[in-house]
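# Close look at the chain arrangement
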Amino acid sequence: MTIALGYDESPGARAALPVAIDIARRFGERLVIVYGTAPPGSLGEEARSHEAALRQAGNEAAGHALAEARAAGVDAVVELVSERPAPALLDAAERHDARLIVVGTWGESPMRGAILGSTPHKLLHLSTRPVLCVPALE
């Protein structure tokens, strides 16, 4: 089994990273660092350009998280998934039989998340696996 972490270097994700690393280390689980690369609502060449930019940003962001996990002695891998963040995490969690999905929260009120559909809010309502939401300290 694994721990799936949604990571994008946002304040929430930075707060969630050490929590996910600690859980993975304590339970001897692999950490799967997930970054969704699908751009919002674009088609054609523009979408391909946006996704390429998101893949590049994802490689960099997830690479930082991967380095921290490995420095802590945790077996970790990165997955860039060609989906929006919530579906990317759900897909990766299913494929890796994740014990838990860890995601950070920051800067959104519960009402805004419910109306606009924040990633943590979507995960809490769509996941069949436990979801741990870690608030940003900033």
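Bear in mind the structure is a predicted one, so any value in this text is a computation, not a measurement. (Residues numbered from 1 in each chain as written. Predicted model: local features only at pLDDT ≥ 70, side-chain atom pairs only at ≥ 80, totals over all residues. Heavy atoms only, no water.)

## Description of the nonpolar core
- Judged by nonpolar contacts, the single largest core of 25 residues is most densely connected at I3, L5, Y7, L31, I33 and V102.
- Secondary-structure elements contributing two or more residues to this core are β1 (2–6), α1 (11–27), β2 (30–36), α2 (44–71), β3 (76–81) and β4 (98–105).
- If we ignore the near neighbours within four places in the chain, the residues touching V102 are I3, A4, L5, G6, A16, A20, L132 and V134.
- If you look at the next biggest cluster of nonpolar residues, it comprises 14 residues, including V81, A86, A98 and L123. (Core = buried A, V, L, I, M, F, W, Y, C linked by side-chain atoms within 4.5 Å. Buried < 20%, exposed > 50% of the residue type's maximum accessible area, 1.4 Å probe, protein only. Helix = DSSP H or I, 4+ residues; strand = E, 2+ residues; numbered from the N terminus. Contact = heavy atoms within 4.5 Å.)

## Description of the confidence of the model for the protein
- Looking at the protein as a whole, its pLDDT mean stands at 87, while 85% of the residues score no less than 70.
- Of all secondary-structure elements in the protein, the lowest mean pLDDT belongs to helix α4 (residues 110–116), at 49, while β1 reaches the highest, 97. (pLDDT = per-residue confidence, 0-100.)

## Describing unusual backbone geometry
- A positive phi is found at E9, a non-glycine position, where the angle reads about 65°.
- With respect to the helices, strands and loops of the structure, E9 is situated in the loop between β1 and α1.
- Phi angles above zero are rare outside glycine, and D97 is one such case at about 50°.
- With respect to the secondary-structure elements, D97 resides in the loop between α3 (85–95) and β4.
- For D97, a relative accessible area of 40% translates into the label partly exposed.

## So, the environment of L90
- Within the secondary structure layout, L90 lies in helix α3.
- On a C-alpha basis, the gap between L90 and T128 in space is 8.8 Å, while along the polypeptide they are 38 residues apart.
- For L90, the contacting residues outside a window of four places in its chain are I101, L123, L126 and S127.

## Brief notes about the sheet that holds β3
- What the 5 strands build is an open sheet, ordered β3-β2-β1-β4-β5; its pairing is parallel. Two strands lie at the open edges of the sheet, namely β3 and β5 (131–135), each paired on one side alone. Taking the axes of each pair of neighbouring strands and ignoring which way they run, one obtains an average angle of 25° across the sheet.
- Pairing geometry for β1 and β4, over 4 bridges, is parallel. Across the sheet, L5 pairs through a bridge with V102, a residue of β4.
- Contacting β4 and β5, helix α5 (residues 119–126) runs over the sheet at an angle of about 150° to β4. (Pairing = 2+ DSSP bridges. Axes fitted to C-alpha atoms, helices over the stretch in contact; angles between N-to-C directions.)

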